[in-house]
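What follows is the residue order along each chain.
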Amino acid sequence: MLYGPEHVRRYEETDGEVGHDWENGAPVLILTTRGRKSGVERKSPLIYQEHDGAYVLVASDGGAPVDPNWYRNLQAEPEVKVQVKGDRFTARARDASAAERAAVWSKMVAVWPNYEKYRKTVDREIPVVFLERI
């Protein structure tokens with residue numbers, strides 16, 4: 001199973017042929033954010049689902065007590081780069097509204113059931129993010 005930088009490298013080299021379909025078939029994209037302090041590009045392989053023409057992410061960080069760095073980076077700079085298989089594009093990230101969150105949460109849990117477990121074990125509200133092409 002691929003993780004971290006190796007996952008990103010193999011995904012990019014193969015246009016997602018390797019790495020798009022991850023553990024238990026969960027689809028993965030590559031999100032590139034700019035470090036909020038360093039200014040350096042950071043790449044993260046993240047589980048996603050499509051919804052109404054956008055890509056949806058869950059900022060769970062495996063149930064960690066704080067938001068993941070990629071999420072904090074896009075809060076500082078919402079314009080990001082995205083790769084879904086061989087499709088590379090620029091997107092604007094935004095937090096889901098309460099209604100959008102309710103509409104997509106079960107869809108995200110269906111592809112990665114641990115999201116529900118994480119939600120029950122952390123004190124923070126786990127952010128749900130929409131990526132929209134620009």
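Residues numbered from 1 in each chain as written. Predicted model: local features only at pLDDT ≥ 70, side-chain atom pairs only at ≥ 80, totals over all residues. Heavy atoms only, no water.

1. Quick word on unusual backbone geometry
Here is step 1 of the chain: Positive phi, normally seen in glycine, also occurs at Asn24, with a value near 55 degrees.
Here is step 2 of the chain: When you line up the elements, Asn24 lands in the loop between α1 (4–13) and β1 (28–34).
Here is step 3 of the chain: Note on Asn24: relative accessible area 73%, which makes it exposed.
Here is step 4 of the chain: The backbone of Asp52 sits at a positive phi, close to 50 degrees, despite the residue not being glycine.
Here is step 5 of the chain: In this structure, Asp52 sits in the loop between β3 (49–51) and β4 (54–58).
Here is step 6 of the chain: Given the relative accessible area of 74%, Asp52 is considered exposed. (Helix = DSSP H or I, 4+ residues; strand = E, 2+ residues; numbered from the N terminus. Buried < 20%, exposed > 50% of the residue type's maximum accessible area, 1.4 Å probe, protein only.)

2. Brief notes about the layout of surface pockets
Here is step 1 of the chain: In this structure, the largest pocket spans a volume of roughly 570 Å³.
Here is step 2 of the chain: What lines the largest pocket is a set of 25 residues, and nearest its centre among them are Pro45, Leu46, Asp61, Gly62 and Trp70.
Here is step 3 of the chain: Only α1, β1, β2 (41–47), β4, α2 (69–76) and α4 (114–121) provide two or more residues apiece to the lining of the largest pocket.
Here is step 4 of the chain: A per-element tally of the lining of the largest pocket places β2 first, with 6 residues.
Here is step 5 of the chain: Across the lining of the largest pocket, the residue classes break down as 14 nonpolar, 8 polar and 3 charged. (1 Å grid on protein atoms, 1.4 Å probe; cavity = no way out; pocket = protein on both sides within 12 Å on 5 of 7 lines; lining within 4 Å. Points joined across faces, edges and corners; volume = space filled by probe spheres on them. Nonpolar A, V, L, I, M, F, W, Y, C, P; charged D, E, K, R; others polar.)

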